[in-house]
Amino acid sequence: MEPADRPAGDHGHHGHGDQKLWKLSIAAIGVVFGDIGTSPLYAFKETFDGHHKLTLDTAHIMGVISLMFWSMMVVVTLKYVTIIMRADNKGEGGSLALLALVSGKTKSQRWSRGIILLGVFATALFYGDSMITPAVSVLGAVEGLAVAAPGFGGLIVPIAVVILVFLFSIQRNGTSRVGAFFGPIMLVYFSVIAVLGVISIVKTPQVLAALSPHHAIEFFLISPLPAFFALGSVVLAVTGAEALYADMGHFGRPPIRVSWLWFVLPALMCNYMGQGALLMRDGVLALESPFYLLAPDSFRLPLVLIATAAAIIASQAVISGAFSVTQQAIQLGFIPRLRIDHTSASTAGQIYIPLVNWLLMGMVILLVLTFQNTSNLTSAYGIAVTGAMLIDTCLLGVALFKLWHWKKRYAIPLLVLFFIVDGAYFTANLTKIPDGGWFPLMVGFIIFAMLTTWAKGRKLMLDRMREAAMPIKVFIQSAANSATRVPGTAVFMTSTPEGVPHALLHNLKHNKVLHERVILLTVKISDAPFVSDDNRAKVEDLGQGFHRMVIRYGFMQDADVPAALKRVHSCGAEFKMMDTSFFLARQTLLPAERPGMMLWREKLFAWMLRNAESAMEFFRLPTNRVVELGSQVEI
């Protein structure tokens, strides 16, 4: 399997146009905005009562609200919703989709390798984010118990762990059943936090003036250093912005834009201004939990339940995102083959990857037990998010110049604005490294090492196999005349569409027979998310009953080889699985003196190769029709 150029004439269709915009907008509220929607649980409190405490006075409260509003306008509304979401790869979004889109435009540039490494590191940081989001969202919601029912204060961590175990254990059932409830629950949640915010604003209407940018500027003028440190917590208000882009393929651009501009953004700002108004009235007394103290005593327990449901939904979106990103990374050649289960017969994007699910659950529970509360966890949160945002801006720069050919007078000021904002947030979060920011960086570097090692090792292995490959024409001329031909079809899976597969050489050497029809089959993954059935298979007749076949899939599609073969009619008789044998080569790596990778990376690659899912399961080959033959490769 190796990445391939996008086949001409291929068009990915998602079929959003025939569905009502409002229905998709409500569904988007349920799936896309869970992460950013649960930020009010902890973002405002953390800014004043976190590791870098702020003086609790009117000027600072107005400054923080202003910073939050303009961060949402610049980062979410302008950067993601208005501009980056235009950079869709056949309807799909996310760092890997953007990487696949722009890397094809920089093939002749010396810095194309740097672009690829940036995109891969953004993906690695996403995994760190997907570990922290469930932990911080669920803990932030459950911490409301200490306000609503102080007697339960000591049970916050155990309850959070139970909720998380339940959340991960239901993943194998898929999100299709629960998905229908997500939109309405989040609608209720956003409506409730907006109403609570408005009630507080009515009591202190002067807080509305915080929407003016001069309050943010004044904040930096009167307290430059505290304002800079505050950015590390203010950015929590825009965590989840990259989810809008990553989930674009599920809903399309218009529903996400409509739900953000007309519902989610106003609801969030009403709540943040309501929390600010409460702090202006009650001061330190309200700082214990400005989110939950907005509600009257009788409504606090129901608010805990609503917020917990919203936190579970926010976590669900990130976990589903981790599955999708892993599938894309497997198809693009950055992760070994893993078992992927489909949880919906009608929606291809709903998948479940057991290994990713249980590893995530272990790390999330470890985080909750280690950090104990949201204040400690938010220190670890910001770096992964701001790092990914900064990388998205770098990739956007390539898109503006190489894809859309914007004029410099428009593109440069915009990129400067984004780099200043993202750079300020990222550097402010670097100050949190000793307090927990080391965790996502550590996770990011470990996963980055694994992704790049797999991609590099796979390339070296394919190069070595090409070097040792016999020309196919020479083989056919010698083998066709000497070997005994037996009825049926033999499909030899090969990573390289040239030369003779190792499995074919070994089969002839040991069994001394050839089938009447021999297919040399290569599966290629395109840099587009989808490849149409019309462009799926390409067949070349090599003579003497030999055929070279290339089957192409998009990086969001599953490789179902038997289904693809049944659609091929240009290769002799129709393919019947009971008359077809599939031959696979299983490589064993040998250490070699030749330059390739450092020894520790060779050992890591060998371990990943041993633990990859077999090609038989990944390509959905019939188990009773597969023969595996071993070969040894030096890298």
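All figures in this text were calculated on a predicted structure; none of them were measured in a lab.

Scoring rules and cut-offs
- Residues numbered from 1 in each chain as written.
- Predicted model: local features only at pLDDT ≥ 70, side-chain atom pairs only at ≥ 80, totals over all residues.
- Heavy atoms only, no water.
- Helix = DSSP H or I, 4+ residues; strand = E, 2+ residues; numbered from the N terminus.
- Rg over C-alpha atoms; globule rule 2.2 N^0.38 Å.
- Contact = heavy atoms within 4.5 Å.
- Areas by Shrake-Rupley, 256 points an atom, 1.4 Å probe, with all protein chains shown as cover.
- Lys, Arg positive; Asp, Glu negative; His and termini not counted.
- Charge placed at Lys NZ, Arg CZ, Asp CG, Glu CD.
- Core = buried A, V, L, I, M, F, W, Y, C linked by side-chain atoms within 4.5 Å.
- Buried < 20%, exposed > 50% of the residue type's maximum accessible area, 1.4 Å probe, protein only.
- Axes fitted to C-alpha atoms, helices over the stretch in contact; angles between N-to-C directions.
- Parallel < 35°, antiparallel > 145°, perpendicular 65-115°, else oblique.
- Nonpolar A, V, L, I, M, F, W, Y, C, P; charged D, E, K, R; others polar.

Chemist: Just checking my understanding: could you explain the overall build of the chain for this structure?
Modeler: A tally of helices and strands in the chain yields 24 helices and 9 strands. For 635 residues, the compact-globule estimate of 2.2 N^0.38 gives 26 Å, and the C-alpha radius of gyration of the chain, at 27 Å, lies within 12% of that figure. Each principal axis of the C-alpha distribution contributes one length, and for the chain these read about 95 × 50 × 50 Å. Within the chain, counting contacts between residues at least 6 apart in sequence, those at least 24 apart form 83% of the total. Carbon and sulfur atoms provide 63% of the accessible area of the chain, an area that totals close to 25,700 Å². A gap of 6 Å separates the mean positions of the 51 positive and 41 negative side-chain charges of the chain.

Chemist: Could you clarify how one ought to interpret the nonpolar core in this entry?
Modeler: A general tendency of soluble globular proteins is for nonpolar side chains to be buried together. Ranked by size, the top nonpolar core spans 189 residues in total, and within it F33, Y189, F190 and W260 carry the most contacts. Among the elements that line this core, the one with the most residues is helix α6 (residues 112-142), at 16 residues. With residues near it in sequence (within four places) discarded, W260 still touches F33, I36, M72, V76, T77, V81, L265, P266 and L268. Counting residues in hydrophobic clusters, the runner-up holds 17 residues, among them I476, F492, A503 and L520.

Chemist: Which parts of the structure should I look at to understand helix α11 (residues 224-234)?
Modeler: Since the α-helix advances by 3.6 residues per turn, residues separated by three or four positions end up pointing in the same direction. Looking at α11, one finds that the buried residues are A227, A230, L231, G232, S233 and V234. Buried positions along α11 lie against α3 (43-49), α4 (58-83), α10 (213-222) and α18 (408-430).

Chemist: Explain the packing of helix α1 (residues 21-31) against helix α14 (residues 253-282) here, please?
Modeler: The description of two helices packed together rests on the angle between their axes and the distance between the axes. The N-to-C vectors of α1 and α14 enclose an angle of 70°; their axes lie 8 Å apart at closest approach. Judged on the interaxial angle alone, α14 and α1 are roughly perpendicular. Contacts between α1 and α14 pair L21, L24, S25, A28 and I29 from the former with P254, P255, I256, V258, S259, F263 and V264 from the latter. The residue inventory of the contact of α1 with α14, partitioned by class, reads 10 nonpolar, 2 polar and no charged.

The quantities given are spatial measurements derived from coordinates; they are silent on function.
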